[in-house]
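Fold and contact review
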Amino acid sequence: MKLLKTAFPAALACLCALQAQAQQQPVYLDDTKPIEERVEDALARMTLEEKIAVIHAQSKFSSPGVKRLGIPEFWTSDGPHGVRPDVLWDDWKQAGHTNDSCVAFPALTCLAATWNTSLARIYGESLGEEALYRGKDMMLGPGVNILRTPLCGRNFEYMGEDPFLASRMVVPYIQGLQSNGVAACVKHFALNNDENHRNEVNVVVSDRALYEIYLPAFKAAVTEAHTWGLMGSYNLFENQHNCHNRRLLNDILKGEWGYDGVVVSDWGGAHDTRQAIENGLDMEFGTWTDGLSFGASNAYDNYYLARPYRELIQKGEYTTRELDDKVRRVLRLFFRTNMNRDRGFGSLCSEAHYDAARQIAGEGIVLLQNEDGVLPIDTTATRRILVVGENAIKMMTVGGGSSTLKAQHESLPLDGLRQALGGKMEVEYARGYVGDTSNEFEGVVAPHDLKDDRKPEALIAEAVEKARQADYVVFFGGLNKSWQQDCEGSDRKEYGLPYGQDRVIEALAKANKRLVYVNISGNPVAMPWKKQVPAIVQGWFLGSTAGDALAAVLTGRVNPSGKLPYTWPASLDDVPAHSLGTYPGTWRKGEKIIDEEYKEGIFVGYRWADKEDIRPLFAFGHGLSYTTFKLGKARADKDEISANDSITFTVSVTNTGSVAGAEVVQLYVHDAESSLERPYKELKAFKKISLAPGETRDVALTIGRDALSFYNDRTRQWTAEPGRFEALIGDASDNITSKVAFTLK
Ligand code: BGC
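Residues numbered from 1 in each chain as written. Predicted model: local features only at pLDDT ≥ 70, side-chain atom pairs only at ≥ 80, totals over all residues. Heavy atoms only, no water.

**Digging into the overall build of the chain**
Rule in force here: Each helix is a run of DSSP H or I of at least 4 residues and each strand a run of E of at least 2, with the numbering of both proceeding from the N terminus. What the globule rule says is 2.2 Å times the number of residues to the power 0.38, and the radius of gyration is computed from C-alpha atoms. Each residue is assigned to one of three classes by its accessible area relative to the maximum for its type, calculated with a 1.4 Å probe on protein chains only: buried under 20%, partly exposed between the two thresholds, exposed over 50%.
For the chain, the count of helices and strands is 20 helices and 30 strands. Relative to its length of 745 residues, the chain is compact, with a C-alpha radius of gyration of 27 Å against a globular reference of 27 Å. Principal axes of the C-alpha set define a box for the chain whose edges measure 100 × 65 × 65 Å. The 745 residues of the chain split such that 62% are buried.

Rendered as structure tokens:
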């Protein structure tokens, strides 16, 4: 009894103490408190060492949290098409995990080609779920660098040539991703438009082109999608590397746009401690000298924002003013992601993710040409199909640089067609050409042996012989993810197709009238044989469901509705970066810098084609369907607008064919009178609409003052000048079906 009497009050006291402790939970751990209060509380508790630690990497893809305070490590991953397989702590070799495969989503060029903003949201959401399940807090993507030359090895990771299209697609992607509590890291900021010597290229560009062409998608990512992360690019602008570029990061990003997130260096993109301290870099990863691919191992303490920074503070050369700003941003990132108790657990390789990937692929594939209605393949009258080409049997999720993936499953084009048609007809295969038979990237090995020692003549002869016996020939060619193809770190060497594919295509065109050319790439390529090949399809890098999605479009189960997110030039002479002789730039005497002047200014892509009256092979916004659409005469709700007003254009769209399909109505603005030279037209609104056969619906497109503005680099202001404008409405940049005049007061 005595024991009970003394033990009971002691237990009670203990309970009370625990309760008090819980009530005194530090503010930074209390998620009922506003994030900014938690940030200040955590910051106040951190030592100098802890602050320095959270602003640089501790391994290839992670940064430390604060062990003492229970703040977890922060894990990043590439990006942007799926969650990359894990590498070793301090080495690019595979970690050898068996639970790090993923669903590979179609490359971002394909997403852009859907012109479907809802799909961009689904893409982001699905990727976010995969990232969460894999324990990642930040995905290194999406990329929104503008396609300026079709030789750029990384265009497949970006969203095409048009700042408006890229802006509209990137916002829902980021919102979808971040709705899972996983940060986006939009990249590569900015002007990273080619890959050769990417650390040495100093871009010289007018402010007008910077603001009108190269920055809008980043701005939308920051001011509309509120991206939590942004990655600086490798190249230089105004003679300063962009990972610590005063103008881009301090003045524009954090100043003009009010960015409150984190600037992450590209892996090895930092070069100078003082610039990194002063010019807006917040987190340093993969520094080239120590830790990217050579140099000392586990050298993270040598990073520019590590020991060297700490020592400068200790010597009194810097206060903690800049450091505290960086740490605040990093803590904000933690509270938004890995310290967000509301975020879920995610899911990996789910049916829903495969469905999303399939739908995006199906809607992004572009039917470029379809003479005599060769496509879809007539499955009732066909006995034999011949499939030709290495890309019919090559995995495309492996390789290409940092976007490489270990897909849980990848359906290949030949398999996709065999699955779709196999029971009904013979599906034969001939190699046609041998391209790059390597099937390994950083230890991820594709399970197919692509070796073939036959000579080109023998391969062509075999393909031609079989083509003569077939009802259809489907050639899968294009580029691949190997070095100097569509691959990070290098540009393509030529615009033409590699590996002698042109010869094979020309021979096949002579052997069989029903030839379908499917181009697998993230870039346009030369097509000297365009007139000889009745059907041409742009098949992108489609990820896990590539074969299924291509087969669905080729057989008509899915009606193609993709539209090109870039102009497809006939030759490099039609691309100003080349015709004006500015790519790849000029080495500065005695310095490791290449100056690349964007002499074409704002005239990129269709803006240049319009200005120079160039007919591309296929225009921006072009894409055919198995049905036909008729766009009615567009009308406006007013003919005069004032500065803060908006104007709505309505156009009826009718599906005049016999199958269901989707059309993208595109609105371009033409400024009829302007004090500065402007492109003839610029995309400012679009909408994708699905219609049953015979169905008619109205599409309404609204634009405001922004759509009429240009960046005036004399006044450093966006300006909408009063005067006459026209809305040019159509279903491709070269097929305008209505022009509606209006005036800005
Ligand atoms: C690429 C980035 C990528 C990073 C990490 C860099 O080489 O440029 O896009 O996110 O590596 O893999």
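Alright, that's what it looks like, and here's the rest.
**Overview of the site of the ligand**
Test applied: Proximity criterion: a residue is near a molecule or strand once any of its heavy atoms comes within 4 Å of it. Between N or O atoms, a polar contact is any pair within 3.5 Å; within protein, one atom must be a potential hydrogen donor and the other a potential acceptor, and residues adjacent in sequence are included only when both atoms are from side chains. Per-residue and other accessible areas were derived by the Shrake-Rupley procedure at a 1.4 Å probe size, with only the shown protein chains allowed to occlude residues. Amino acids are sorted into nonpolar (Ala, Val, Leu, Ile, Met, Phe, Trp, Tyr, Cys and Pro), charged (Asp, Glu, Lys and Arg) and polar (every other residue, Gly among them).
Every one of the 14 residues lining the ligand counts as a neighbour, but Asp78, Arg154, His188, Asp266 and Glu488 are closest to it. Within the side chain of Arg154, an N or O atom sits 2.8 Å from an oxygen atom of the ligand. Between the ligand and the protein, one listed contact pairs an oxygen atom with a side-chain N or O atom of Lys187 at 3.0 Å. Relative to its unbound accessible surface of 310 Å², the ligand loses 96% to contact with the protein. Per-class residue counts for the shell around the ligand are five nonpolar, two polar and seven charged.

**Digging into the pairing of strand E12 (residues 426-430)**
Test applied: When DSSP locates at least two bridges between a pair of strands, those strands are taken to pair. Crossover handedness is defined by viewing with both strands directed away from the observer: a clockwise path from the first strand over the helix to the second marks the crossover as right-handed.
Pairing between strand E11 (residues 384-388) and E12: five bridges, direction parallel. Along E12, the bridge assignment pairs Val387 with Tyr429. Regarding the hand of the β-α-β motif, the stretch spanning E11, helix H15 (residues 413-421) and E12 is right-handed.

**Topic: the domain arrangement of the chain**
Spelled out, the test is: Domain segmentation is taken from an automatic or database assignment of domains. Contact between two residues is taken to exist if any of their heavy atoms lie within 4.5 Å; hydrogens are not considered. Once two parts are put together, the accessible area they lose, assessed with a 1.4 Å probe and summed over both, is termed the buried area. Definition used for salt bridges: Asp or Glu carboxyl oxygen within 4 Å of a side-chain nitrogen of Lys or Arg.
Looking at the assigned domains, one finds that the chain contains domain 1 (35-83 + 97-336), domain 2 (365-558) and domain 3 (627-744). A C-alpha centroid distance of 34 Å is found between domain 1 and domain 3. Tallying the contact residues gives 14 residues for domain 1 and 16 residues for domain 3. Looking at the side of domain 1 facing domain 3, the largest losses of area belong to Trp115, Phe164 and Arg208, adding up to 50% of the total buried there. Our enumeration of links across domain 1 and domain 3 arrives at one salt bridge. A salt bridge links Asp207 to Arg716, with the nearest nitrogen and oxygen atoms 3.8 Å apart. Inspection of the region where domain 1 meets domain 3 yields five residue pairs in polar contact (both at pLDDT 80 or more). Elements with a contribution of two residues or more to the side of domain 1 that touches domain 3: helix H6 (163-178) and helix H7 (207-214). The biggest single contributor to the side of domain 1 that touches domain 3 is H7, with four residues.

**Points about the sheet that holds strand E7 (residues 236-237)**
The strand order across the open sheet formed by five strands is E8-E7-E5-E19-E18, and the pairing between neighbours is mixed. Two strands in the sheet have a free side with no partner beyond their single neighbour: strand E8 (240-241) and strand E18 (586-587). Pairing of strand E5 (residues 201-204) with E7 involves two bridges; the strand directions are parallel. Note on E7: the bridge partner recorded for Asn202 is Leu236.

**Here's the deal with empty space enclosed by the protein**
The cut-off we apply is this: Both site types are read off a 1 Å grid over the protein atoms alone. A 1.4 Å probe that fits but cannot get out defines a cavity, while an open set with protein on both sides within 12 Å along at least five of seven lines defines a pocket; lining residues have an atom within 4 Å of a point. Grid points are joined across faces, edges and corners, and a volume is the space filled by probe spheres set on the points.
For the structure on display, the rule yields four cavities of 30 Å³ or more. By volume, the largest cavity is sized at about 140 Å³. If you trace the largest cavity, you find 15 residues lining it, with Thr567, Pro569, Asp574, Val575 and Gly605 closest to the centre. Residue classes in the lining of the largest cavity are distributed as ten nonpolar, two polar and three charged.

**As for the environment of Ala609**
Within the element layout of this structure, Ala609 appears in helix H20 (residues 606-612). Ala609 sits 208 residues away from Gly401 along the chain, and the two C-alpha atoms are 31 Å apart.

**Overview of the sheet that holds strand E9 (residues 262-264)**
Sheet strands line up and pair through hydrogen bonds in the backbone, either parallel or antiparallel. Quick note on the threshold: Helix axes are fitted to C-alpha atoms over the stretch in contact, other axes to C-alpha atoms as well, and angles between N-to-C directions run from 0 to 180 degrees.
On the basis of which strands lie adjacent, the open sheet formed by six strands has the order E1-E2-E3-E4-E6-E9 and mixed pairing. This sheet does not close on itself; its edge strands, each paired only once, are strand E1 (62-63) and E9. Here two bridges tie E1 to strand E2 (residues 74-77), and the two strands are oriented antiparallel to one another. In the strand pairing of E2, Ser62 is matched with Trp75. The strands that helix H8 (residues 216-223) touches are strand E4 (183-189) and strand E6 (229-232); relative to E4, the one it contacts most, it runs at about 155 degrees.

**Quick notes on the packing of helix H14 (residues 351-364) against helix H18 (residues 546-554)**
A pair of packed helices is captured by two measures, namely the crossing angle of their axes and the spacing between those axes. Formally: Angles are sorted into four bins: roughly parallel if under 35 degrees, roughly antiparallel if over 145, roughly perpendicular if 65 to 115, and oblique for all others. For any pair of crossing helices, the crossing counts as left-handed if the nearer helix is rotated counterclockwise from the farther one by less than a right angle, and right-handed if it is rotated clockwise.
Two numbers describe how H14 lies on H18: the axes approach to 9 Å, and their chain directions differ by 45 degrees. In terms of axis orientation, H14 runs oblique to H18. Seen from above, H14 lies across H18 with right-handed handedness. Residues Arg358, Ala361 and Gly362 of H14 pack against Asp548, Ala549 and Val553 of H18. Of the residues in the contact of H14 with H18, the class split is three nonpolar, one polar and two charged.

**Digging into the environment of Ala461**
As for its position among the elements, Ala461 is in helix H16 (residues 456-469). Ala461 sits in the partly exposed class, given a relative accessible area of 47%. In this structure, the C-alpha to C-alpha distance between Ala461 and Ala430, residues 31 residues apart in sequence, is 9.9 Å.

**Details of H8**
Summarising burial for H8: six of the eight residues are buried, a large majority. Here H8 has its buried residues at Pro216, Ala217, Phe218, Ala220, Ala221 and Val222.

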